[in-house]
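Below, each chain spelled out in residue letters.
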Amino acid sequence: MVHLQALLFSLGQQLRTPFSSLLTIAVLSISIALSGTFYLAVKNITHLTGHLESSNQITLFLGQQVSDQDGRWLLTRLEKHRNIQSTRFITKTEGLKDFEQFSGFGDALKALSRNPLPMVIQVFPRLSLTTPQQLQQLLDELKALPEVAVAKIDMQWVQRLKAIIVLAERGVLVLASILSFAVIFITGNTIRLELQNRQEEVVIAKLVGATNGFIARPFLYSGFWYGLLAGLLAWLMITGLMALLQPPMEQLMTLYLGYQEVVFLSVWDSVILLVVSAALGVLGSWGVLVSQLSRLTPE
Amino acid sequence: MIKFDHVSKRYSEVGDALVDVSFTMTKGEMVFLTGPSGAGKSTLLKLIARVESVSRGQVFLEGQNLNRISEREVPFIRRKMGLIFQDYKLLNDRTVADNIALPLLIAGYSHQDIKRRVRAVLDKVGLAGKEKSYPLSLSGGEQQRVGIARAVVNKPSVILADEPTGNLDPVLATEIMHLFKQFKQVGVTVLIATHDLSQVIDSGCRQLTLEQGRLVSD
């Protein structure tokens, strides 16, 4: 008798039909895992660009007429600039040495009577400068200096990548919305079938004075469990997938970037995943109950 | 207790089921509703249980106009009455005790109360010890007594029975009628629709006769 409520109208129903419940949960979890995986992919890329941004640097090529002394004088001024973290001075001689070493044109340069390379100052902006606008402003300021012939910032590809990420983030949102509807509809349909199977029970309950709320409650629980269990399964799928992809991803990152860091779902992400999944399950069953329960009346 | 005031019920598919029916039942009265099948007996009971609503006229239950009850309030009206059906309407995958407990569960009784009341009502209908049985393992008469137990476990003020003995042999039917009389004696208003005239005559109770939806004798 203590377990009467659970027996009569309850989530125990799912255990009575383990196969069909499992099928529903599997379908739901695939929908959820798809959104989750795409989200995680974008999160990993975003994480990468975070590192890339801090490697922004501005290169100043000084004019040929600028003397070594003027160059060093400019350097000390730049070091005091509020938006500049640090600087590096490359003299003409150093530049030539680097060029010989890295370009393979060293012999060609020896044919020239004098060193054609300009003095170069590498400027590392403060890390607090994060937006492209802020960096552009600093670039414009440095460009205007009389000693500077050319100022370049290697930022365009970062900007492009950022634009792609914004697009991908939108994509995640759109995909997640569509798949959320899938979760709602799948749960709704499952609950509708359950309701149909227990039609007789619903009608009898109504005849002995059950409110729609009383009848709906176990079905809402059912939707909740479908959502939550599907969320859990999806979490396992995503985490398993990431664990499989981690070694090759790390290898790739090491090759290209010299460091490696694969991001998994955070605790917060996981909590949101489970809460949203369960909420979608409840929402799906609620929608069906609202529309169907009033139609089930005694004859 | 129950009052019909010029009540008509018309179904769009089949036409008039009840035509201008008026009668009053007092508290603790036991009344038989008789007439050939299709005369409107079931329809009349459905109007009281608010399974159907009237086309014209008014139905009162304990002074409350059932026309003015919203869908939301219907469950609470039904908790005042015990409904008994010819086909018992039991949940065959639940035990006898679970079936009888359903109205109490719905009304939010505690488990302790439910346990106590179910045992008491099983005693009253003569099914003590059958708590754990399943309906289909019982005879027709026993199943109907489970149905009656479920109807009265909530101590309703009104019992509405639609052909309660329709599927039972005369001996069992007499036993069931005897039960109804016991409820009447404790002040419950009982309205029984039946075409089994022998039971009606033996009882000496008031009799309402319907014919083609009209009340032809009272």
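For clarity, every value in this text was computed on a predicted model and none was experimentally measured.

A short note on helix 3 (residues 96–107) of chain B
Among the 12 residues that make up helix 3 of chain B, 11 are buried, leaving the element largely enclosed by the rest of the structure. For helix 3 of chain B, the full list of buried residues reads Val96, Ala97, Asp98, Asn99, Ile100, Ala101, Leu102, Pro103, Leu104, Leu105 and Ile106 of chain B.

Let's talk about the sheet that holds strand 2 (residues 15–25) of chain B
All names here are of chain B. Reading across from one edge, 2-1-4-5 is the order of the 4 strands in this open sheet, with antiparallel pairing throughout. Bordering the open sheet on either side are strand 2 and strand 5 (64–65), each of which pairs with just one other strand. Summarising the sheet, strand 1 (residues 2–11) and strand 2 pair through 7 bridges and their orientation is antiparallel. Bridging across to strand 2, Ile2 finds its partner in Met25. Lying over the sheet, helix 1 (residues 41–48) contacts strand 1, strand 2 and strand 4 (56–61), oriented at roughly 115 degrees with respect to strand 1.

Let's talk about the interface of chain B and chain A
In this assembly, 24 residues from chain B lie in contact with 22 residues from chain A. Of the roughly 2200 Å² buried between chain B and chain A, counting both surfaces, carbon and sulfur atoms make up 71%. On the chain B side of the interface with chain A, the three residues burying the most area are Arg94, Leu105 and Ile106 of chain B, jointly 26% of the side's total. Summed over the shared surface of chain B and chain A, the result is 1 salt bridge.

Here we look at the pairing of strand 1 (residues 58–62) of chain A
Residues and elements named next belong to chain A. Within strand 1, 4 of the 5 residues are buried, which leaves the element mostly enclosed by the surrounding structure. Both strand 1 and strand 3 (residues 120–125) contribute to a ladder of 4 bridges, which runs antiparallel. Of the residues in strand 3, the one forming a bridge with Thr59 is Gln122. Note: strand 1 against strand 4 (residues 148–153), 5 bridges, orientation antiparallel. Across the sheet, Thr59 pairs through a bridge with Lys152, a residue of strand 4.

Topic: the nonpolar core
Residues and elements named next belong to chain B. Within the largest apolar cluster, 72 residues are counted, with the highest numbers of intra-cluster contacts made by Ile100, Val118, Ile148, Ile159, Phe180, Phe183 and Ile192. Apart from residues no more than four positions distant in its own chain, Val118 is found in contact with Ala97, Ile100, Ala101, Leu104 and Val153. Formed by 34 residues, the second largest nonpolar core is a distinct cluster that contains Val7, Val31, Met81 and Phe85.

Re the confidence of the model for chain B
Atom-level detail of predicted coordinates should not be read off regions where pLDDT is low. In the predicted model, chain B carries a mean pLDDT of 92, and 100% of its residues have values of at least 70. What the predictor reports for the complex is a pTM of 0.75 with an ipTM of 0.91.

Here we look at a nonpolar patch on the surface
Taken together, the side chains of Val267, Trp268, Val271, Ile272, Val275 and Val276 of chain A present a nonpolar region at the surface, about 590 Å² in accessible area. Relative to the helices and strands, Val275 of chain A resides in helix 11 (residues 267–292).

Examining the pattern of salt bridges
All names here are of chain B. With the rule as written, the count across this model stands at 16 salt bridges over all chains. Linking Glu71 and Arg50 is a salt bridge whose minimum nitrogen-to-oxygen distance equals 3.4 Å. Taken together, the positions of Glu71 in the loop between strand 5 and helix 2 (74–78) and Arg50 in the loop between helix 1 and strand 4 put the pair 21 residues apart, joining distant regions of the chain.

So, the sheet that holds strand 6 (residues 81–84) of chain B
All names here are of chain B. Across the sheet, which stays open at both edges, the 6 strands sit in the order 6-7-8-3-9-10 with mixed pairing between neighbours. Each end of this open sheet is capped by a strand with a single partner; those strands are strand 6 and strand 10 (214–217). Across the sheet, the mean angle separating the axes of adjacent strands is 20 degrees when strand polarity is ignored. With 4 bridges joining them, strand 3 (residues 30–34) and strand 9 (residues 206–211) adopt parallel strand pairing.

Looking at the environment of Ser157 of chain B
Residue and element names in this part refer to chain B. Assignment of secondary structure puts Ser157 in the loop between helix 5 (140–152) and strand 7 (158–162). The exposure class of Ser157 is buried, given its relative accessible area of 18%. A C-alpha to C-alpha distance of 8.2 Å links Ser157 and Lys27, two positions 130 residues apart in sequence. Contact partners of Ser157, with chain neighbours within four places excluded, come to Met1, Glu62, Lys80, Val188 and Thr189. Side-chain polar atoms of Ser157 contact the side chain of Glu62, separated by 3.1 Å.

Scoring rules and cut-offs
Residues numbered from 1 in each chain as written. Chains lettered and ligands numbered in written order. Predicted model: local features only at pLDDT ≥ 70, side-chain atom pairs only at ≥ 80, totals over all residues. Heavy atoms only, no water. Buried < 20%, exposed > 50% of the residue type's maximum accessible area, 1.4 Å probe, protein only. Helix = DSSP H or I, 4+ residues; strand = E, 2+ residues; numbered from the N terminus. Pairing = 2+ DSSP bridges. Contact = heavy atoms within 4.5 Å. Axes fitted to C-alpha atoms, helices over the stretch in contact; angles between N-to-C directions. Buried area = accessible area lost by both parts, 1.4 Å probe. Salt bridge = Lys/Arg side-chain N within 4 Å of Asp/Glu carboxyl O. Core = buried A, V, L, I, M, F, W, Y, C linked by side-chain atoms within 4.5 Å. pLDDT = per-residue confidence, 0-100. Patch = residues over 30% accessible without salt bridge, like charges linked within 9 Å, V, L, I, M, F, W, Y side chains within 5 Å. Areas by Shrake-Rupley, 256 points an atom, 1.4 Å probe, with all protein chains shown as cover. Polar contact = N/O pair within 3.5 Å; in protein donor to acceptor, adjacent residues only side chain to side chain.

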